[in-house]
Amino acid sequence: DVKVTQSSRYLVKRTGEKVFLECVQDMDHENMFWYRQDPGLGLRLIYFSYDVKMKEKGDIPEGYSVSREKKERFSLILESASTNQTSMYLCASSPGQGWGETQYFGPGTRLLVL
Amino acid sequence: AQKITQTQPGMFVQEKEAVTLDCTYDTSDPSYGLFWYKQPSSGEMIFLIYQGSYDQQNATEGRYSLNFQKARKSANLVISASQLGDSAMYFCAKRGDMRFGAGTRLTVKP
């Protein structure tokens, strides 16, 4: 079974803090993704990566950065957390070089920024 | 942006009955596909079914099937014989740009 893990299920941070969300997949997938999920808006793509050290902006990259130093790990960084970044964050991975493959998701991290 | 639209924020269905969850999409791609995912209250997204635009037949996976109408740009999910465990959020997503709809919350009543 494909397994995607995220470092925390719940996080509480203060405004202005630097926040790291870690995601690890164990199936040697090429592609990794970070989404945020908000009620009524579905999932919105923040960043994705199709190879080590490669990254591409999604639909809502502002306020976020990412790092992919190893194939299995994709980190989402909030440089200076703000209250409007309170959300559910979902990491996903998919195999192959293209974008047509099924994504496998982690359990999500619920982030509260106070 | 190429949109995915799920017009039903919430749906109720009686246990053992069938239910259809709507999904329409906007695309100019000649080749594309649609995914459906289930998200129970635990939060994890679970892949259910996939339909490619050139597939000759509607996709089926157990109790899940897709009512794919290419001309109408719709890919509705049909769940037959609903079970209490089907209560969850359901998302439609488009292959390629991986845009998701806003989701439909399905509640199965005993």
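The coordinates are above.
These numbers were taken from a predicted model, which means no experiment stands behind them.

**Student:** Mind showing me how you'd approach the sheet that holds strand S11 (residues 104–109) of chain B here?
**Tutor:** For sheets, the rule is that strands pair by backbone hydrogen bonds, running either parallel or antiparallel. All names here are of chain B. Within the open sheet, the five strands sit side by side as S2-S11-S10-S5-S6. Their pairing is mixed. The strands lining the two open edges of the sheet, one partner per strand, are strand S2 (10–14) and strand S6 (46–52). Across the sheet, the axes of successive neighbouring strands diverge by a mean angle of 25°, strand direction being ignored. Bridge count between strand S10 (residues 88–94) and S11: three bridges; the pairing is antiparallel. Directly across from Met-89, in S11, lies its bridge partner Arg-105.

**Student:** Can you walk me through the state of the cysteines in this structure?
**Tutor:** Two cysteines form a disulfide when their sulfur atoms are joined by a covalent bond. All names here are of chain A. With the rule as written, the count across this model stands at two disulfides over all chains. Between the sulfur atoms of Cys-23 and its disulfide mate Cys-91 the distance is 1.8 Å. With the S-S dihedral at roughly -75°, the linkage between Cys-23 and Cys-91 falls on the left-handed side. Taken together, the residues span a long stretch of sequence, with Cys-23 in strand S3 (residues 19–25) and Cys-91 in strand S9 (residues 87–94) at a distance of 68 residues. Residue Cys-23 is classed as buried on the basis of its relative accessible area, which comes to 0%. Using a relative accessible area of 0% as the deciding quantity, one classes Cys-91 as buried.

**Student:** Mind showing me how you'd approach the environment of B:Asp26 here?
**Tutor:** All names here are of chain B. With respect to the helices and strands, Asp-26 occurs in the loop between strand S4 (24–25) and strand S5 (33–39). Using a relative accessible area of 38% as the deciding quantity, one classes Asp-26 as partly exposed. Here the alpha-carbon distance between Asp-26 and Lys-109, two residues 83 residues apart in the chain, equals 33 Å.

Rules used throughout
Residues numbered from 1 in each chain as written. Chains lettered and ligands numbered in written order. Predicted model: local features only at pLDDT ≥ 70, side-chain atom pairs only at ≥ 80, totals over all residues. Heavy atoms only, no water. Pairing = 2+ DSSP bridges. Helix = DSSP H or I, 4+ residues; strand = E, 2+ residues; numbered from the N terminus. Axes fitted to C-alpha atoms, helices over the stretch in contact; angles between N-to-C directions. Disulfide = S-S within 2.5 Å. Buried < 20%, exposed > 50% of the residue type's maximum accessible area, 1.4 Å probe, protein only.

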